[in-house]
Amino acid sequence: MFSLEGKVAIVTGASRGIGRAIALAFASQGADVALCARTESALDQVAAEVRELGREALVQVVDVRDAASAEAAIASTVETLGRLDILVNNAGITRDTLLMRMKDDDWEDVLATNLTGPFYFTRAAARIMLKQRGGRVLNISSVVGLMGNVGQANYAASKAGIIGVTKSLARELGPRGVTVNAIAPGFITTDMTSGLKDEHQSRLRDAIPLGAFGEPEDVAAAACFLASDAARYVTGQVIQVDGGMRL
Ligand SMILES: NC(=O)c1ccc[n+]([C@@H]2O[C@H](COP(=O)([O-])OP(=O)(O)OC[C@H]3O[C@@H](n4cnc5c(N)ncnc54)[C@H](O)[C@@H]3O)[C@@H](O)[C@H]2O)c1
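Below is a summary of the structure that appears in this document. From a predicted model like this one, the values you see are computed outputs, not experimental measurements.

Relative to strand 3 (residues 57-61), strand 2 (residues 32-37) runs parallel, the two sharing five bridges. Bridge assignment links L35 to a residue of strand 3, and that residue is V59.

Written out as structure tokens, the structure is:
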């Protein structure tokens, strides 16, 4: 039902965690995948896994904060894999600290990566999607963008901002057959969250109705639905994958 046979996707932050899981899930549904991140060796490993699933993979070493690199990544995806149907803006960082200790760089790095990066990639991808009158844009937000969090004013701003972008572009690109949706994961077990102290983790777990943290594959499953033809009538939505953390 969620087949991606014959489609080409580009996934940012695909070297590990949620981005890697989305890339592999897309490949297992039949898509060829362009993999973007900053570390070539990690991307090569994910590319090998995509090829084991019988699909084509294109490795692109890209810093999403750079507009020219984003343009080049989109162009070489089309040139090498033949087309572009799905963009997943997944690359993201945290620089958590309380407001009084937050440096200008902490603010700017997070906004540049989590919000400006998706803007660069979406602008470049939309040029192609609008022309072909179809496409899917998926933005990886966070429940923190919906509810806020102590020590994450920068991250929450970026993740709330991407929801505003999602809803605006759903309206703007919808008439030409391009859907734009966001996924808001809760606490997912990845390198991003592995640094949290055990005590903090157990407090967080207690606040989750399903009583457990999510896995990257839980987010990938929602991404497969939103990227597939099954979601053709869904746009401008924020799908929470959070075990009920925010109801
Ligand atoms: N893990 C969670 O609990 C959780 C919860 C909600 C939202 N998210 C979001 O999901 C996304 C993926 O998170 P994750 O947990 O897999 O994180 P992660 O740290 O494991 O992976 C992040 C990926 O982004 C890439 N990246 C970071 N900065 C980049 C840049 N400037 N240019 C190119 N690539 C860059 C990294 O190389 C890596 O591939 C992020 O947007 C994150 O904010 C994660």
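Moving on to the sheet that holds strand 3. Read from one edge to the other, the open sheet built from seven strands follows the order 3-2-1-4-5-6-7, with strand pairing classed as parallel. Each edge of the sheet is formed by a strand with only one pairing partner; in this case those strands are strand 3 and strand 7 (238-241). Across the sheet, the mean angle from the axis of one strand to that of its neighbour is 15°, orientation sign disregarded. Set on the sheet, helix 1 (residues 17-28) makes contact with strand 1 (8-12), strand 2, strand 4 (86-89), strand 5 (135-140) and strand 6 (178-185); between it and strand 1 the angle comes to about 170°.

The local shell around the ligand holds 30 residues, among which S15, R16, N90, Y155 and T190 are the closest. At 3.2 Å, a backbone N or O of G13 approaches an oxygen atom of the ligand. Burial of the ligand by the protein chains amounts to 96% of its free accessible area of 830 Å². Counting residues per element, the ones that place at least two in the shell around the ligand are helix 1, helix 6 (153-173) and helix 7 (191-194). Ranked by residues supplied to the shell around the ligand, first place goes to helix 7 with three residues. By residue class, the composition of the shell around the ligand is 13 nonpolar, 11 polar and six charged.

Right, let's get into empty space enclosed by the protein. On inspection of all chains with the given rule, the structure shows one cavity of 30 Å³ or more. The volume enclosed by the largest cavity comes to roughly 40 Å³. Contributing to the lining of the largest cavity are N89, N90, A91, N114, P118, N139, I140, K159 and I162. Elements that contribute at least two residues to the lining of the largest cavity include exactly helix 4 (104-132), strand 5 and helix 6.

Its 15 residues give helix 3 (residues 67-81) an end-to-end C-alpha distance of 21 Å, which sits within 8% of 21 Å, the value for a rise of 1.5 Å per residue. Regarding helix 3, the residues found buried are A70, A73, I74, T77 and L81. Buried residues of helix 3, viewed axially, fall in a sector of 90°; they line one side. In this structure, helix 3 carries A68 and E79 as exposed residues pointing more than 90 degrees from its buried face. Buried residues along helix 3 sit in contact with strand 1, strand 2, strand 3 and helix 4. Looking one or two residues beyond helix 3, the residue adopting positive phi is G82, at roughly 95°.

Conventions we followed
By convention here, each chain's residues receive numbers from 1 onward along its written sequence. Two thresholds apply to this predicted model, a pLDDT of at least 70 for residue-level local features and 80 or more for giving and counting side-chain atom pairs, whereas whole-chain, interface and lining totals are computed over all residues. Here the side-chain values reflect all heavy atoms present in the structure, with hydrogen atoms and water set aside. Here a strand pair is declared whenever DSSP counts at least two bridges between the two strands. Helix and strand assignments follow DSSP, with helices taken as H or I runs no shorter than four residues and strands as E runs no shorter than two, numbered in order from the N terminus. Axes here refer to lines fitted to C-alpha atoms; in helices the fit is confined to the stretch in contact. Angles between the N-to-C directions go from 0 to 180 degrees. We call two residues contacting when some pair of their heavy atoms lies within 4.5 Å. One heavy atom suffices: a residue is near a molecule or strand as soon as one of its heavy atoms comes within 4 Å of it. Each polar contact in these results corresponds to two N or O atoms within 3.5 Å; when the atoms are within protein, one needs to be able to donate a hydrogen and the other to accept it, and residues that are neighboring in sequence are counted only if both atoms are side-chain atoms. Areas reported here follow the Shrake-Rupley algorithm with a probe of radius 1.4 Å; residue values treat only the protein chains shown as occluding. Three residue categories are used. Nonpolar comprises Ala, Val, Leu, Ile, Met, Phe, Trp, Tyr, Cys and Pro, charged comprises Asp, Glu, Lys and Arg, and polar comprises the others, including Gly. Put simply, the grid is 1 Å and covers the protein atoms alone, a cavity is a trapped set of points that fit a 1.4 Å probe, a pocket is an open set with protein on both sides within 12 Å along at least five of seven lines, and lining residues have an atom within 4 Å of a point. Grid points are joined across faces, edges and corners, and a volume is the space filled by probe spheres set on the points. An expected span of 1.5 Å times one less than the residue number is assigned to each helix. Exposure classes here rest on a 1.4 Å probe applied to the protein chains alone. A residue is buried below 20% of its type maximum, exposed above 50%, and partly exposed in between. Taken from the helix axis, the directions to the C-beta atoms give the arc we talk about.

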